[in-house]
Amino acid sequence: MINRHTTLFVKDLKPIEFCGKPVMWQMDINGAFEKPFETKPTEGEHDFNTCEGCQKTLKELIKRLTEKFEGNHKDGAKPFPFCCTHHSELTKLKEFNRADFVGVPEMVARKIIYTNSHIKNNHRSETYYKDITDYIDYTVESFGQMPGNAEPLYLSDYFFYITDLLERNTEVEKGRKNRLLEFLKAYRTPTETPKTDLNVLYSTYQKWLKVFPFEISFFSTLKPHFEKQLPILNGKPETNKYTGIAKVKMHTKGSLIDVLLNLTNNLLTQINTTTLYEKGLLTEPQKIKLELVLNERKMKLKQGYVNSSKDEEQRYRKILKEWFADEKRFIDEVTPIVKALPPQPMIESPFSVLEWATIFYYADETKLLTESRLIKTRLEQFMSKHQINTTFDNFKTKYYEAKKRINEKNDYPINKLELLIPFLKENYKQTVTKVENDIIFLEENKPEY
């Protein structure tokens, strides 16, 4: 196990919230400092220890890099860390000690020989690309980190010599050689990675959840699944066989939108009225048609009405004119569907809205409902399951009223709680003990008026 110590220079630290609660923290880092460390060579047919060419190259590399480290007085080059502006800044770091870098010239020379030997031993393997690029990634990581724009010491030299040795290697098949050279070139000329703000990703995903028509019956069962997702990773993690570290790219806002567009397309093309009909599941076409018409209207209303006419009065008029047209079109479309539907029987509810809200409170507190993180979704699904005839806002208000009267005001009617017990025993039996305990508590703590 490599004993590594990295100093991070944190610029900003902010929480990432999910469902209104912080679930992780995102750091904005202004550079890092880590000393280079040794790597281990791999074994194979080619042994650099007994290869005269490798040993000769090793000695020459040590000589060149040591001269560079100590400063070439012939051309006026200064010793490390005064070799360049960026490395000169290291002297201001309390963590920096030049003595920690004295062995770097020899260390880098060995890394060049190790990597060249690894390529010689693995270029014929079926898994050559991952074997070799993983080892190069492992070696690059071993160069440590420098703050600001400073390059890890002699990393450019490593790439220069590895590229040169690979280009002159006549044993590596041309196509494989070119692919490895492309990898090295990409490493030497990295593109700037767009910063990922996790709060932006969360907000983007929540917008998709709100827009997609999960209210349509054949999509409704999918909503709890997608509410539990937070797709911030772009692809599957890949583990480097030499470091043992798994890495994965984070989505940018753009790449997440691409994924959500593709997901939307897949859901719409795989689950629709055509597939329902073919599977013999389109048993209530008029009801489904009504759902489609209603959700299309809801989507337009969520989108809102905007007009960019120069005159403000014209803007108001045109917005109203568009809204009137949409409303009349909706009525024309929905009227024949509603008339074609069979009369819906009036179902008399056994409980008041407050009592239903109380049942929801106990079922939710006992974790018996859907695993959705959103209370809104759990309320909606409960109302749908029990066909509670009230508005969502009224039901939510009654839920908070029941919760407050049981836990704070202590004035919830005990006889009403007792009436709920038979229903709870049959449908949510794990709640009964809590209800009975609350009845005892409420009896002992009746408010005095």
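Computed from a prediction, not measured in an experiment: that's the story for all the values here.

1. A few points about the overall build of the chain
1) Next: Along the chain, the regular secondary structure elements total 18 helices and four strands.
2) Next: By the burial criterion, 36% of the 449 residues in the chain qualify as buried.
3) Next: Restricting to contacts in the chain with at least 6 residues of sequence separation, those with at least 24 account for 65%.
4) Next: Of the roughly 28800 Å² of accessible surface on the chain, 53% is carried by carbon and sulfur atoms.

2. Some thoughts on the pattern of salt bridges
1) Next: In the structure shown here, the tally under the stated rule is 22 salt bridges.
2) Next: Of the charged contacts, one joins Glu 141 and Lys 247 as a salt bridge, the two residues approaching to 3.6 Å between their closest N and O atoms. With Glu 141 in helix α4 (residues 128–141) and Lys 247 in strand β4 (residues 246–250), this pair connects stretches of sequence that are 106 residues apart.
3) Next: Residues Arg 317 and Glu 313 are paired through a salt bridge, measuring 2.9 Å at the closest nitrogen-oxygen approach. Of this pair, Arg 317 and Glu 313 both sit in helix α13 (residues 312–340), separated by four residues, roughly a single helical turn.
4) Next: Residue Glu 313 is classed as partly exposed on the basis of its relative accessible area of 44%.

3. Examining helix α15 (residues 375–386)
1) Next: The terminal C-alpha atoms of α15, which comprises 12 residues, lie 17 Å apart, in line with the 16 Å expected from a rise of 1.5 Å per residue.
2) Next: Regarding α15, the residues found buried are Thr 377, Arg 378, Leu 379, Phe 382, Met 383 and His 386.
3) Next: In this structure, the buried side of α15 is in contact with α9 (223–227), α14 (353–365), α16 (392–407) and α17 (414–427).
4) Next: Looking one or two places after α15, you find Gln 387, whose phi comes out positive at around 50 degrees.

4. Digging into the nonpolar core
1) Next: Residues Phe 80, Phe 101, Ile 112, Met 146, Leu 153 and Tyr 158 are the most contacted members of the largest nonpolar core, which totals 42 residues.
2) Next: Breaking this core down by element, the ones donating at least two residues are α1 (52–70), α3 (104–122), α4, α5 (155–167) and α6 (174–188).
3) Next: Not counting chain neighbours up to four residues away, the residues in contact with Phe 80 comprise Phe 69, His 87, Leu 90, Phe 96, Arg 98, Phe 101, Met 146 and Leu 153.
4) Next: Grouped together as the second largest cluster of nonpolar side chains are 30 residues, Met 383, Tyr 399, Leu 424 and Val 435 included.

5. Comments concerning the packing of α1 against α3
When two helices pack together, their arrangement is given by the angle between the helix axes and the distance between those axes.
1) Next: Close contact between α1 and α3 brings their axes to 8 Å; oriented N to C, the two are set at 145 degrees. Crossing angle aside, the handedness with which α1 passes α3 is right-handed. Where α1 abuts α3, its residues Cys 54, Thr 57, Leu 58, Leu 61, Ile 62, Leu 65, Thr 66 and Phe 69 lie against Pro 105, Glu 106, Val 108, Ala 109, Arg 110, Ile 112 and Ile 113.
2) Next: Across the contact of α1 with α3, the residue classes break down as 11 nonpolar, two polar and two charged.

6. Observations concerning the pairing of strand β3 (residues 233–239)
1) Next: Note that β3 and β4 share four bridges and pair antiparallel. From the neighbouring strand, Leu 233 faces β4, where its bridge partner is Met 250.
2) Next: The turn linking β3 back onto β4 is made up of six residues, and Gly 244 within it adopts a positive phi angle of 75 degrees.

7. A word on the side chain of Lys 223
1) Next: You can see Lys 223 is positioned in helix α9.
2) Next: No salt bridge is formed by the buried Lys 223. Its closest oppositely charged neighbour is Glu 380, at 4.1 Å.
3) Next: Contact partners of Lys 223, with chain neighbours within four places excluded, come to Phe 214, Thr 377 and Glu 380.

8. Re a nonpolar patch on the surface
1) Next: On the surface, Leu 301, Leu 320, Trp 323 and Phe 324 cluster together into a nonpolar patch covering about 380 Å² of accessible area.
2) Next: Take the nonpolar patch: its biggest share by element is three residues, from α13.
3) Next: Turning to its location among the elements, Leu 320 is positioned in helix α13.
4) Next: Judged by relative accessible area, Leu 320 falls into the partly exposed class, the value being 45%.

The rules behind each value
- Residues numbered from 1 in each chain as written.
- Predicted model: local features only at pLDDT ≥ 70, side-chain atom pairs only at ≥ 80, totals over all residues.
- Heavy atoms only, no water.
- Helix = DSSP H or I, 4+ residues; strand = E, 2+ residues; numbered from the N terminus.
- Buried < 20%, exposed > 50% of the residue type's maximum accessible area, 1.4 Å probe, protein only.
- Contact = heavy atoms within 4.5 Å.
- Areas by Shrake-Rupley, 256 points an atom, 1.4 Å probe, with all protein chains shown as cover.
- Salt bridge = Lys/Arg side-chain N within 4 Å of Asp/Glu carboxyl O.
- Expected span 1.5 Å × (residues − 1).
- Core = buried A, V, L, I, M, F, W, Y, C linked by side-chain atoms within 4.5 Å.
- Axes fitted to C-alpha atoms, helices over the stretch in contact; angles between N-to-C directions.
- Left-handed = near helix turned anticlockwise from the far one by under 90°.
- Nonpolar A, V, L, I, M, F, W, Y, C, P; charged D, E, K, R; others polar.
- Pairing = 2+ DSSP bridges.
- Lys, Arg positive; Asp, Glu negative; His and termini not counted.
- Patch = residues over 30% accessible without salt bridge, like charges linked within 9 Å, V, L, I, M, F, W, Y side chains within 5 Å.

Honestly, that's just the spatial picture; any functional story needs more than this.
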